[in-house]
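Take a look at the letters that make up each chain.
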Number of protein chains: 2
Amino acid sequence: MPEMRVHHSKKHSLPFFEQEPAGPTVRRTSGRPKCELNKTELDEVVDVQHVDMPVNFTQCFGNYICDLDGQVLLDVYAQIASIAVGYNNPSLDHSARSDEMVSALINRPAMGNFPQHNWREILTSGILKVAPKGLNQVQMASAGADANEMAFKAAFIWKRQQERGGYHVDFTATELESAMDNSTPGSPQYSIMSFKKGFHGRLFASLSTTRSKALHKIDIPAFDWPQAPFPSLRYPLDEHTEYNRCEESRCLQAAEDIIKTYHNPVAAIIVEPILSEGGDIHASPAFFRRLRQITKENNILMIVDEIQTGVGATGKFWAHEYWDLDFPPDMVTFSKKAQAAGYYYGEKTIRPNKPYRQFNTWMGDASKAILFRAIVDEIERLDLVRNVESTGKYLRAQLFELSQRSPNLFMNLRGQGTFIAFDSTDRDLFIAKAKELGVLIGGCGERTVRLRPMLIFQEHHCDILIDVLTRVARDMQCS
Amino acid sequence: MPEMRVHHSKKHSLPFFEQEPAGPTVRRTSGRPKCELNKTELDEVVDVQHVDMPVNFTQCFGNYICDLDGQVLLDVYAQIASIAVGYNNPSLDHSARSDEMVSALINRPAMGNFPQHNWREILTSGILKVAPKGLNQVQMASAGADANEMAFKAAFIWKRQQERGGYHVDFTATELESAMDNSTPGSPQYSIMSFKKGFHGRLFASLSTTRSKALHKIDIPAFDWPQAPFPSLRYPLDEHTEYNRCEESRCLQAAEDIIKTYHNPVAAIIVEPILSEGGDIHASPAFFRRLRQITKENNILMIVDEIQTGVGATGKFWAHEYWDLDFPPDMVTFSKKAQAAGYYYGEKTIRPNKPYRQFNTWMGDASKAILFRAIVDEIERLDLVRNVESTGKYLRAQLFELSQRSPNLFMNLRGQGTFIAFDSTDRDLFIAKAKELGVLIGGCGERTVRLRPMLIFQEHHCDILIDVLTRVARDMQCS
């Protein structure tokens, strides 16, 4: 079976993991018989319509993913941006084999009622060690969507509590009765404002704030909640400052108008630092700073959704650190690379006034918190946020060169750290060709190629990626 | 420090686990200093309003739970009914230490795009091995609430697809546009019908079907979805057949009227076999059989929520097996004792017509599916469903005797298997006194004591429980 191996030539800093393959292995056979058979068999029990390829994870390592037909691909998609420190990371392997992990798995507590004795220690040495500046409380959830929805619940409870006259004012009988009937005033017709092209999850309230694609939303009942326009900026941002300032100003005005006038009063806004599923759409720090002011002025909460941007990928641990806010966001949600999910909040005063208002059976998962702690330790040990920052700079420079040579394939190049995207004519073909040449890449929005490498992506991996993209460009421009 | 140890005397079948404590250890000190300190420290980072007691899970075993002050309690609450085969179960410990588990933890796939090579095998040898009769497909979720919501999404998609003219009929431009704006027809004002006192989770759509307590719902926006009355039967059921038949008939008629006339058309109903959080409310198999007929006649789906009743606790693997249905439910959701969550569906035709309509980043969690498989194996190895059936019979007989002696403390005794409840005047005091004497019990509804022992609860544990309840009754009737 003929093989092609991509080698890199330049000299860079040492690889983090010597065990990692030197490059992709692409088998030039027609079809992938084992992958196809596996998918057909799986189809008997689960819906496989969206399956890209079955993977043997025991054979993956670092930045490399292996399918069932012996292909080894450089993975810059990372399980939809959710693998942080590489496949089969030895430090995570060590953590997963610990007695602490085993106990967390087989004795899963109802953490809200019966927290395990070292829950605080697990949180403070892991999740809370990297908490965004100004925020010191956390509530764990199961995944990004429910983390956002728990943040929404906190916001609604906070807003109504304020309007009721404060923490100690009790509910009226009418409120209690109407809540049981899903009607006002007990179930208030309040709203969360999100932005066009934003993505915040696929459960019902989170989906009501998601505005990425109609296919994500169609046929699913939604709340009557408002969406503000998100700036449609020109890239590179620093070459279009005047145009971009006007566009951001327009959107800020629209957002403020909605907050002041929407018929279902807005309790909070939710926004991603970079609108990821919607097509990697950026705005300036000034935009987000002003948005924060608007929320303060209108006495509503600001929830920053760092589910995709969080945990180092932008060259900061949290992408909103770029904004240099005067006040921290009220809540920041996370998931994906944390391999855990939850939201932070800043003040104890945002807690509900009674127990069991923000509650569920498990209230988090110690096994995932332990894993996130191991990820945090690994990020520190290898100084990975700095790695992302420097690798990102190197990679963006090379992509810029490609964009000069093939502007239609690398339009609107943009990014922070290695959280990089560009628009491509015939995007899906572009991604398919890259896969054939040994690199697994994802798309987002209508025509955007998004790079979501792991935090252990280094300059020598960039060279392989650039080499493949160069060949894709050459191929697509010849055809 | 004075100690009290409860011993059992009668001879029963051998204990499943010899390592288990012989009985509770209650320390009669004033206060629980280490538990209190731990809770105070935890309060710095998470809301502890609902904390009952911190637990050292490394010291728990089998049916026994240990707090931080050396108390060992017989646990018939089991982390809100979610520990199936005992704390630190050796078989689960073995599974948690497997290479397969470690890989699942540290290489968590985006299972919808990149399923691991043995995903089908993990499902078919675990979750699907115990799938309810007639259902052979599964979609994993993270927890009970999102399992229900994914089932709701499947129902809405199915319903609209039918009305649109079938699987192959595409969306109109108007539908696609309006969905992006959360408005009709793309976001239809359709509903899920639930029952009064039902509990289906605390996210926004699941909470819209939850009708347990106002405190669970207040201040949270809800969908305009209908609730049908659930029969309020007299116990024991077989002594009030005529009254109960009339009451069930009344509720069935009301349910059917809602389904036929509610202004937001009903796409599916959701119901628990025993309304658990609402107060362990039972209905007859005939009621559920007729309900199933009504859904068929009105061309809507029936979702059975087995999150609390599922996985053996009622003396059947699934509680709805008692109903002897002509057609299986369309979907059955599970979580809790499965330590995993998800929903089953019966027919491939219920799948959405396009990929990415029912989708999220992880689409399940292999680590939890592996754990559930180990739980299923342990249930088979120890024949635990049969154990629950026989232990439940033994326990109900003894509780019946107690109810004859103290009717105000053991009112409306009811149950299947060891899934048993009774109503008590001054319920919270009853539960507090039982805890002081070494048994951890939970409540539900307004005045219900619910027993939710693990599947490894045996007759000798019943004796300890009955001894404690007898003393509680004596104490409460003297005071």
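What counts, and where the lines are drawn
- Residues numbered from 1 in each chain as written.
- Chains lettered and ligands numbered in written order.
- Predicted model: local features only at pLDDT ≥ 70, side-chain atom pairs only at ≥ 80, totals over all residues.
- Heavy atoms only, no water.
- UniProt positions renumbered as here; feature names shortened; annotations may be inferred.
- Helix = DSSP H or I, 4+ residues; strand = E, 2+ residues; numbered from the N terminus.
- Buried < 20%, exposed > 50% of the residue type's maximum accessible area, 1.4 Å probe, protein only.
- Polar contact = N/O pair within 3.5 Å; in protein donor to acceptor, adjacent residues only side chain to side chain.
- Contact = heavy atoms within 4.5 Å.
- Pairing = 2+ DSSP bridges.
- Axes fitted to C-alpha atoms, helices over the stretch in contact; angles between N-to-C directions.
- Least-squares fit on C-alpha atoms with pLDDT ≥ 70 in both.
- Phe/Tyr/Trp six-rings, centres within 6.5 Å; stacked < 30°, edge-to-face > 60°.
- Lys NZ or Arg CZ within 6 Å of the ring centre and 35° of its normal.
- Core = buried A, V, L, I, M, F, W, Y, C linked by side-chain atoms within 4.5 Å.
- Domains from an automatic or database assignment.
- Buried area = accessible area lost by both parts, 1.4 Å probe.
- Salt bridge = Lys/Arg side-chain N within 4 Å of Asp/Glu carboxyl O.
- Nonpolar A, V, L, I, M, F, W, Y, C, P; charged D, E, K, R; others polar.

An unreviewed UniProt entry lists chain A under the name 4-aminobutyrate aminotransferase, from Cyphellophora attinorum. Taken verbatim from the UniProt record of chain A, the Cofactor (unreviewed entry) comment is "pyridoxal 5'-phosphate". In its Catalytic activity (unreviewed entry) section, the UniProt record describing chain A reads: "4-aminobutanoate + 2-oxoglutarate = succinate semialdehyde + L-glutamate".

Visitor: How should I be thinking about the side chain of Asn353 of chain B in this particular structure?
Guide: Secondary-structure assignment places Asn353 of chain B in the loop between β11 (341-345) and α12 (366-381). Residue Asn353 of chain B is classed as buried on the basis of its relative accessible area, which comes to 12%. Of the polar contacts made by the side chain of Asn353 of chain B, one reaches the backbone oxygen of Tyr167 of chain B; its length is 3.1 Å. What Asn353 of chain B contacts, discounting residues up to four positions off in sequence, is Gln49 of chain A together with Gln161, Tyr167, Val169 and Phe171 of chain B.

Visitor: So what exactly am I meant to see when it comes to the sheet that holds strand β9 (residues 301-305) of chain B here?
Guide: All names here are of chain B. Strands sit in the order β5-β11-β10-β9-β8-β6-β7 across an open sheet of seven strands; the sheet is mixed. The open sheet is flanked by β5 (137-141) and β7 (227-228), the only strands paired with a single partner. Note: β9 against strand β10 (residues 331-334), three bridges, orientation parallel. By the bridge assignment for β10, Val304 is matched with Val332. Running over the sheet, helix α6 (residues 144-164) touches β5, β6 (191-195), β8 (266-271), β9, β10 and β11 and is turned about 150 degrees from β8.

Visitor: Is there a simple way to think about the pairing of strand β4 (residues 72-75) of chain A in this case?
Guide: A regular strand places its side chains on the two faces of the sheet in alternate fashion. All names here are of chain A. Side chains Val72 and Leu74 project from β4 onto one buried face, and the interleaved Leu73 and Asp75 project onto a second face that is buried too. Two strands pair when backbone bridges link them, and strand β3 (residues 64-66) and β4 are joined in this way by three bridges, in the antiparallel orientation. Paired with Cys66 across the bridge in β4 is Val72. Taking the residues between adjacent antiparallel strands as the criterion, β3 and β4 are bridged by five residues, where Gly70 takes a positive phi near 85 degrees. Direction of pairing for β4 relative to strand β14 (residues 439-440): parallel, over a ladder of two bridges. Of the residues in β14, the one forming a bridge with Asp75 is Leu440.

Visitor: Sorry if this is basic, but what is going on with the relation of the copies chain B and chain A here?
Guide: Superposition of the two copies of the chain requires a rotation about an axis and a shift along the axis. When chain B is fitted onto chain A, the two copies agree to an RMSD of 0.0 Å after a turn of 180 degrees and an axial shift of 0.0 Å. A rotation of that kind, with that shift, is consistent with a two-fold axis. Comparing interface residues between copies, 100% of those in chain B also lie at the interface in chain A; the contact surface is shared.

Visitor: Explain the packing of aromatic side chains here, please?
Guide: Given two aromatic rings, one states the distance between the centres and the angle between the planes to describe the pair. Summed over the entire model, instances satisfying the criterion amount to 53 aromatic pairs over all chains. On the basis of an interplanar angle of 75 degrees and a centroid distance of 6.2 Å, the ring pair of Phe114 of chain A and Tyr77 of chain B is categorised as edge-to-face. In this pair, Phe114 of chain A is assigned in the loop between α4 (99-106) and α5 (119-124) and Tyr77 of chain B in the loop between β4 (72-75) and α2 (78-81), connecting two distinct chains. Feature note: the residues Phe152, Phe156, Phe204, Phe223 and Trp225 of chain A together with Phe152, Phe156, Phe204, Phe223 and Trp225 of chain B constitute an aromatic cluster, connected by ring pairs. The residue whose ring lies beneath Lys296 of chain A is Phe327 of chain A, and the NZ or CZ to ring-centre distance is 4.5 Å. Here the basic side chain of Arg414 of chain B rests over the ring of Tyr235 of chain B, its NZ or CZ set 5.1 Å away from the ring centre.

Visitor: Would you explain the nonpolar core in this entry?
Guide: Among soluble globular proteins, nonpolar side chains are generally buried collectively. Within the largest apolar cluster, 310 residues are counted, with the highest numbers of intra-cluster contacts made by Tyr344 and Leu399 of chain A together with Tyr344 and Leu399 of chain B. When residues of this core are sorted by domain, at least three fall in each of domain 1 (3-90 + 385-478) and domain 2 (108-380) of chain A.

Visitor: Looking at this structure, I do not really get the domain arrangement of chain A. What am I missing?
Guide: It is common to report an interface's size as the accessible area lost on association of the parts. Residues and elements named next belong to chain A. Split by domain assignment, chain A resolves into domain 1 (3-90 + 385-478) and domain 2 (108-380). Interface of domain 1 and domain 2: buried area, both sides summed, is about 2,300 Å²; carbon and sulfur atoms make up 58% of it. If you sort the residues of domain 1 by the area they bury against domain 2, Val385, Gln416 and Phe419 come out on top, with a joint share of 28%. Taken together, the connections running from domain 1 to domain 2 amount to two salt bridges. One salt bridge in this structure joins Arg450 and Glu277, with 2.8 Å as the shortest N-O distance. Here domain 1 is connected to domain 2 by 14 residue pairs in polar contact (both at pLDDT 80 or more). Of all the secondary-structure elements, those providing two or more residues to the side of domain 1 that touches domain 2 are α2 (78-81), α13 (384-405), β12 (411-416), β13 (419-423) and β16 (448-451). For the side of domain 1 that touches domain 2, the leading source of residues is β12, giving five residues. Split by residue class, the side of domain 1 that touches domain 2 holds 15 nonpolar, nine polar and four charged.

Visitor: How do you make sense of the pattern of salt bridges when you look at a structure like this?
Guide: Residue and element names in this part refer to chain B. What the rule picks out here adds up to 68 salt bridges over all chains. Salt-bridge contacts for Lys129 lead to Glu380; the nearest nitrogen and oxygen are separated by 3.3 Å. Taken together, the positions of Lys129 in the loop between α5 (119-124) and β5 and Glu380 in helix α12 put the pair 251 residues apart, joining distant regions of the chain. Its relative accessible area of 43% is what places Lys129 among the partly exposed residues. Notably, a salt bridge pairs Asp330 with Arg292, separated by 3.1 Å at the nearest N-O pair. You can see Asp330 sitting in the loop between β9 and β10 and its partner Arg292 sitting in helix α11 (residues 285-297), a full 38 residues away along the chain. Take Asp330: its relative accessible area is 16%, and that puts it in the buried class.

Visitor: Quick question: what am I supposed to make of the interface of chain B and chain A here?
Guide: Each partner contributes residues to the interface: chain B has 122 residues there, and chain A has 122 residues. Interface area, chain B with chain A, both sides summed: about 11,100 Å², of which 59% is carbon and sulfur. In terms of surface lost to chain A, no three residues of chain B exceed His50, Phe114 and Asp219 of chain B, which account for 8% of the buried area on that side. Counting across the chain B and chain A interface gives 16 salt bridges. Two residues, Arg351 of chain A and Asp43 of chain B, come together in a salt bridge whose shortest N-O distance is 2.6 Å. The interface formed by chain B and chain A includes 73 residue pairs in polar contact (both at pLDDT 80 or more). Broken down by element, the side of chain B that touches chain A gets its largest block of residues, eight residues, from α6 of chain B. Tallied by class, residues from the side of chain B that touches chain A come to 60 nonpolar, 33 polar and 29 charged.

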